[in-house]
Amino acid sequence: MASMMRVFLILLWTMNLVQVNVPQAAGVQVFPPVNFTLTVSALAQVLLQWKPNPNQEQKNYTIRYDVKILSPVPEEYDTKKTHSIRTAPLHNGFSARVRTLLLHDDLQIGSDWVKKKLPPLPGAPETSVTNLSCVTRITISSTVSLFCTWLPGQGAPEDTQYFLFYRYETYTEECQDYMKDKWNRNTECRFLVTHIDPEEVDKLIVIHVNGSSKYATIKPFQQLFNQNAIEKVNVPRNVTVFLEQNDLLATWEKPISPFPKECFEYEFYLFNLKSGNKQILKISSNDFRLRIDVTSRYSIQVRANHHICCTRGVWSDWSEIIYVGKTKLENPVAWILTVLCVSTCCTFLLVAIICKINHVWSKLFPPIPTPSNKFKDPFPNDYERARTCTSELETEFGSFAEDLYCSALDDSVF
């Protein structure tokens, strides 16, 4: 009962305090700001501006402004300034409202809201690009490359051509290096060098894609990317693996990056070629020790990603495969066949060499003699040569055809 009385007295005291303060504030009128405007100041960037109401009494009050972004992404904040800059995709429009806040001690009084909006960017429905994705890489020269891909809108005519721009801070650049699909439409873009600062953390990259067609107005599309979230981390360098008794030891260097080694985490892929078992272990340092089966052979790969210094990015590619452990042929049949084939080939080769040295081939396979040429000149110059030709031909071959030929020669002489 006593506790209930204490609660009642506290509530009564609070009500009296409010009644004392409310009349003091009731005499103060809070006016909304004037000349509220929204201006597109860059790709996907809006400048909100307003002015204090000239009728507003200040006296001992603190004046702030309550700003509420309604679309595309709801957001609310307060500020002492009379302007504000917000980065947001604008292809579907932008709307916001602002009001005056009067602060006195713990009392806060707000004015009515003043609202403004930007219309959506013009264009036919379903002509914007879809599935826009981008990835960055830090090069050896500490510059940042950018690669983006997209699909044409379902409602875009076949002659549609798309064009991509990126904005980083105050710098804007149009793509000059496109890759096309089979209809000759731009569907990929790459910047080998950009103005993206690799040392910055969680800065926004604005991607703007518009288009043109003879048959329709192509609606632009904008998307924001966190520069660290789309970074394809480089592969860990100088991966070294060796065995120390029953332990596997691995070391490597951090990827090419301006961030220190403490900012990375790694995945260690271990595959037992003997048993077929696979393991992927998460590691936060640049070295690793693991007890293994020394009778097995293993393949090892490592990949990297951001850890604590910034937003997690895209995992790097796996490093090249490194093998460690005993080389053992598990199939005895394959081993026997391999040894048999090698020994047979060696035996045949040795026999061939011996036979070549001792001239065995010439003895086993003597060469066929070439017959001597006993034919004489078929056109003798005198009788004696003609008779000799006839006699030799009759004796050696007994050819009837040659007989006739030589007889004809005799007749021509006599």
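Just so it is clear, the model here is predicted, and its values are computed rather than measured.

**Side note on the overall build of the chain**
- Each helix and strand in the chain was counted, giving five helices and 23 strands.
- Here the chain, with 414 residues, has 34% of them falling under the buried criterion.
- Relative to all contacts within the chain whose residues are 6 or more apart in sequence, the contacts with residues 24 or more apart total 61%.
- Total accessible area on the chain is roughly 26,200 Å²; 57% of this is exposed by carbon and sulfur atoms.

**Observations regarding the pattern of salt bridges**
- In this structure the tally under the stated criterion is 16 salt bridges.
- For glutamate 76, the salt bridge is made with lysine 68, and the minimal N-O distance between the two is 3.7 Å.
- Residue glutamate 76 is classed as partly exposed on the basis of its relative accessible area, which comes to 46%.
- Counted as one network, the salt bridges with shared partners bring together Glu244, Asp247, Arg289 and Arg291.

**Observations concerning the state of the cysteines**
- This structure, assessed with the given rule, holds three disulfides.
- Linked covalently through their sulfurs, cysteine 134 and cysteine 148 form a disulfide whose S-S length is 2.1 Å. On the S-S bond that ties cysteine 134 to cysteine 148, the torsion sits near 110°, and the link is right-handed. A residue pair is termed long-range when its members are at least 10 positions apart, and cysteine 134 in strand E9 (residues 130-138) and cysteine 148 in strand E10 (residues 144-151) qualify at 14 residues. Each member of the pair, cysteine 134 as well as cysteine 148, is classed as buried.
- With its sulfur 1.6 Å from that of its partner, cysteine 263 forms a disulfide with cysteine 309. Taking the sign of the S-S torsion, -70° for the link of cysteine 263 and cysteine 309, the bridge is left-handed. Of the two residues, cysteine 263 is situated in the loop between strand E18 (247-253) and strand E19 (264-272) and cysteine 309 in the loop between strand E22 (297-306) and strand E23 (322-325); the sequence distance between them amounts to 46 residues.
- The connectivity of the disulfide-linked cysteines in the chain, indexed sequentially, is 1-2, 3-4, 5-6.
- There is no disulfide at cysteine 310, and the cysteine sulfur nearest it, in cysteine 309, is 6.4 Å away.

**Concerning the confidence of the model for the chain**
- The predicted model of the chain has a mean per-residue pLDDT of 82, with 77% of residues at 70 or higher.
- Predicted confidence for residues 7-25 stays below pLDDT 50, and this span has four contacts to residues more than four positions away or in other chains.
- Here residues 379-414 is a poorly scored stretch, pLDDT under 50, and it has 24 contacts once near neighbours within four places are set aside; other chains count.

**Quick notes on the nonpolar core**
- Residues Leu132, Cys134, Cys148, Trp150, Leu164 and Ile207 are the most contacted members of the largest nonpolar core, which totals 25 residues.
- Broken down by secondary-structure element, the contributors of at least two residues to this core are E9, E10, strand E11 (161-168), strand E14 (186-191), strand E15 (204-212) and strand E16 (221-226).
- Dropping the residues within four chain positions of it, isoleucine 207 is found in contact with Leu132, Cys134, Leu146, Cys148, Leu164, Phe165, Tyr166, Phe221, Gln222, Gln223 and Phe225.
- Among the nonpolar cores identified, the runner-up in size contains 21 residues, and Val233, Val241, Phe288 and Ala304 belong to it.

**Considerations on the pairing of E10**
- One ladder, built from seven bridges, connects E9 with E10; its direction is antiparallel. Its bridge partner lying in E10, valine 135 is registered against phenylalanine 147.
- Counted along the chain from E9 to the antiparallel partner E10, the turn is five residues long, and its residue serine 142 has a positive phi close to 65°.

**Describing the sheet that holds strand E12 (residues 171-174)**
- Here we have four strands laid out as an open sheet, ordered E12-E11-E15-E16, and antiparallel in their pairing. This sheet does not close on itself; its edge strands, each paired only once, are E12 and E16. Sheet twist, expressed as the average angle between the axes of neighbouring strands with direction ignored, equals 20°.
- Of the strand pairs in this sheet, E11 and E12 are connected by four bridges, and their pairing is antiparallel. Bridge assignment links tyrosine 168 to a residue of E12, and that residue is tyrosine 171.

What counts and what doesn't
- Residues numbered from 1 in each chain as written.
- Predicted model: local features only at pLDDT ≥ 70, side-chain atom pairs only at ≥ 80, totals over all residues.
- Heavy atoms only, no water.
- Helix = DSSP H or I, 4+ residues; strand = E, 2+ residues; numbered from the N terminus.
- Buried < 20%, exposed > 50% of the residue type's maximum accessible area, 1.4 Å probe, protein only.
- Contact = heavy atoms within 4.5 Å.
- Areas by Shrake-Rupley, 256 points an atom, 1.4 Å probe, with all protein chains shown as cover.
- Salt bridge = Lys/Arg side-chain N within 4 Å of Asp/Glu carboxyl O.
- Disulfide = S-S within 2.5 Å.
- pLDDT = per-residue confidence, 0-100.
- Core = buried A, V, L, I, M, F, W, Y, C linked by side-chain atoms within 4.5 Å.
- Pairing = 2+ DSSP bridges.
- Axes fitted to C-alpha atoms, helices over the stretch in contact; angles between N-to-C directions.

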